[in-house]
Amino acid sequence: MTQEMRDRTYATFGGGKEASSLEGLCKGLLSEQRSSWPELGQAYDSLRGTRYRDIACDGFSVRLLFNPGRTVNTTAVVSPEEIRERQCFLCVANLPPEQKCILYRREFLILGNPRPVIPFHLTIVHLNHCPQSIDGHMETFLGLAADLGPGFTALYNGPRCGASAPDHLHFQAVPSGQMPIEKEIDGRKGFTPAVSRTRAAGVAVRRAAGLGREIILIEGDDAASVAAAFRVYVRGLADASTPQGGPDQEPMLNAATSFDGKTWRLLVFPRRVHRPAAFYRKDDGRVLVSPAVMEMAGIIVTPVERDFDRLDAAAIESLYREVSFIHS
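As a starting point, this report considers the structure included with it. Quick caveat, the model's predicted, so the values are computed rather than measured.

**Some points on the environment of Asp 221**
With respect to the element layout, Asp 221 can be found in the loop between β11 (215-220) and α8 (223-241). Each C-alpha atom, one on Asp 221 and one on Ala 201, is 10.0 Å from the other, the two residues being 20 residues apart in sequence. Asp 221 has contacts with Gly 202, Lys 262, Thr 263 and Trp 264, leaving out every residue within four places of it along the chain. A polar side-chain atom of Asp 221 sits 2.6 Å from a polar atom in the side chain of Thr 263.

So, in structure tokens, the structure goes:
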């Protein structure tokens, strides 16, 4: 470990029976950073003034947040040309000097998100600069959820549908129970049979109906089996959706996973497009909503107050229909 990393490291986590609670370490990190890192402290101060309202849609609900601090994320330009020309803001060498981390299993850094959507919002970044992709890292994603425990839900944005750094592998995590979809899935309403044959014993793959967008629920008590079922589903999604940009690109999707101490619950949101057409308008009809995993899970961030005031159930339902890939 370099001296720079030693100075930046708040704690290390390697697992094992003697390991400290990762959830406790993360909360300690954020508490320390709110005091020692002015940018994060100011971001959390601004969260106190976040306006929100709940919108009842047809069969589901969303929470709309007015958070101008998320403008950079919402409007992030992620074209290959722009990515090549800017420094990667997730690489260790480019992190703010005040930003500290938890070295997670010698491979990732757990960081406080400098533009949190909700309190205790974490970003988990790979030590190396490698592309955003879930296929080869699903076991790590599931393991992260298990290490964090039932108090947190781990999140993933695909490189073409929400990741503001598609060139650097990263996850996020937020406290469990904050996203409306979690409560709606807990109600176990409107499921249809498995959407594909997983060949993984003890894993259920189901489709959640009546929630306004396509949602696939994969549940199982064995991480390897859940990961295998996910990969079978993704292969089918790639065949069905014909990924933009070529057959080797990851199908557009977002994912969220949690672990209750026994069972992994993996939610997959297949996507058709990154942003709705209204995002690109040049007139008063422009709506600055860029759906990523938290939006697909029911927390819709609006950095512009006008959008917060005018979005209604019909607009939300239309947005989900436009960006979600619906299986036939």
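**Section: the sheet that holds strand β3 (residues 61-66)**
Spatially, the three strands line up as an open sheet ordered β2-β3-β14, and their pairing is mixed. Looking at the sheet topology across the chains shown, the edges are occupied by β2 (51-56) and β14 (299-302). Taken over all neighbouring pairs, the strand axes of this sheet differ in orientation by 25 degrees on average, direction set aside. One ladder, built from six bridges, connects β2 with β3; its direction is antiparallel. In the strand pairing of β3, Ile 55 is matched with Val 62. With respect to the sheet, helix α11 (residues 313-323) is in contact with β2, β3 and β14, its orientation differing from that of β2 by roughly 80 degrees.

**Observations regarding the layout of surface pockets**
Where empty space is left can be seen by rolling a probe of water-molecule size over the atoms. Estimated volume of the second largest pocket: approximately 330 Å³. Lining the second largest pocket are 18 residues, and of these Arg 63, Leu 65, Ile 118, Gln 178 and Ile 299 lie nearest its centre. Elements represented by at least two residues in the lining of the second largest pocket include exactly β2, β3 and α7 (180-186). Ranked by residues supplied to the lining of the second largest pocket, first place goes to β3 with four residues. Within the lining of the second largest pocket, the residues separate by chemical class into 11 nonpolar, four polar and three charged.

**Focus on the packing of helix α2 (residues 22-36) against helix α3 (residues 38-47)**
Two numbers describe how α2 lies on α3: the axes approach to 5 Å, and their chain directions differ by 105 degrees. Classed by the angle they form, the pair α2 and α3 counts as roughly perpendicular. Packed against α2, whose contacting residues are Leu 30, Gln 33, Arg 34 and Ser 36, the element α3 presents Pro 38, Leu 40, Gly 41 and Tyr 44 at the interface. Each residue belonging to the contact of α2 with α3 can be placed in one class, and the counts come to four nonpolar, three polar and one charged.

**A short note on α8**
For α8, which comprises 19 residues, the first-to-last C-alpha distance of 26 Å matches the rise-based estimate of 27 Å (1.5 Å per residue) to within 8%. Listed in full, the buried residues belonging to α8 are Ala 223, Ser 225, Val 226, Ala 227, Ala 229, Phe 230, Arg 231, Tyr 233, Val 234 and Leu 237. Looking at the buried positions of α8, the neighbouring elements they touch are α6 (138-148), β10 (203-208), β11, β12 (253-259) and β13 (264-270).

**Side note on the sheet that holds strand β4 (residues 101-104)**
Pairing is mixed in the open sheet, where 11 strands are placed in the order β1-β4-β5-β6-β8-β7-β12-β13-β11-β10-β9. A strand with exactly one partner marks an edge of an open sheet, and here the two such strands are β1 (9-13) and β9 (191-192). Alignment of β10 against β11, held across six bridges, turns out to be antiparallel. When the sheet's bridge partners are listed, Arg 207 is paired in β11 with Ile 216. Of the strands in this sheet, β1, β4, β5 (108-112), β6 (122-126) and β7 (152-157) are in contact with α2, which crosses β1 at around 175 degrees. Contacts from α6 reach β1, β4, β5, β6, β7, β8 (170-175), β12 and β13, with the element oriented near 40 degrees to β12.

**Description of the packing of aromatic side chains**
If you walk through the whole model with that rule in mind, you get nine aromatic pairs. Taken together, a centroid distance of 6.0 Å and an interplanar angle of 15 degrees make the contact between Phe 13 and Tyr 104 stacked. Taken together, the residues Phe 13 in strand β1 and Tyr 104 in strand β4 connect sequence positions 91 residues apart. Each member of the pair, Phe 13 as well as Tyr 104, carries the same accessibility label: buried. Arranged with centres 5.7 Å apart and planes meeting at 55 degrees, the rings of Phe 60 and Tyr 320 form a pair that is tilted. Highlighted residues: Phe 60 in the loop between β2 and β3 and Tyr 320 in helix α11, separated in sequence by 260 residues. Owing to a relative accessible area of 5%, Phe 60 belongs among the buried residues under this scheme. An aromatic cluster is built from Phe 108, Phe 141, Tyr 156 and Phe 171, whose rings are joined through pairwise contacts. Above the ring of Phe 308, the side-chain terminus of Arg 53 is found at 5.4 Å from the ring centroid.

**Looking at empty space enclosed by the protein**
Under the defined criterion, the tally for this structure stands at one cavity of 30 Å³ or more. As a volume, the largest cavity reaches approximately 40 Å³. Lining the largest cavity are Thr 153, Met 179, Glu 182, Ala 256, Thr 257, Ser 258, Arg 265 and Leu 267. Looking at the lining of the largest cavity, the elements that each hand over two or more residues are β12 and β13. Considering each element in turn, the lining of the largest cavity owes the most residues, three residues, to β12. Split into classes, the residues belonging to the lining of the largest cavity amount to three nonpolar, three polar and two charged.

Rules and cut-offs
- Residues numbered from 1 in each chain as written.
- Predicted model: local features only at pLDDT ≥ 70, side-chain atom pairs only at ≥ 80, totals over all residues.
- Heavy atoms only, no water.
- Helix = DSSP H or I, 4+ residues; strand = E, 2+ residues; numbered from the N terminus.
- Contact = heavy atoms within 4.5 Å.
- Polar contact = N/O pair within 3.5 Å; in protein donor to acceptor, adjacent residues only side chain to side chain.
- Pairing = 2+ DSSP bridges.
- Axes fitted to C-alpha atoms, helices over the stretch in contact; angles between N-to-C directions.
- 1 Å grid on protein atoms, 1.4 Å probe; cavity = no way out; pocket = protein on both sides within 12 Å on 5 of 7 lines; lining within 4 Å.
- Points joined across faces, edges and corners; volume = space filled by probe spheres on them.
- Nonpolar A, V, L, I, M, F, W, Y, C, P; charged D, E, K, R; others polar.
- Parallel < 35°, antiparallel > 145°, perpendicular 65-115°, else oblique.
- Expected span 1.5 Å × (residues − 1).
- Buried < 20%, exposed > 50% of the residue type's maximum accessible area, 1.4 Å probe, protein only.
- Phe/Tyr/Trp six-rings, centres within 6.5 Å; stacked < 30°, edge-to-face > 60°.
- Lys NZ or Arg CZ within 6 Å of the ring centre and 35° of its normal.

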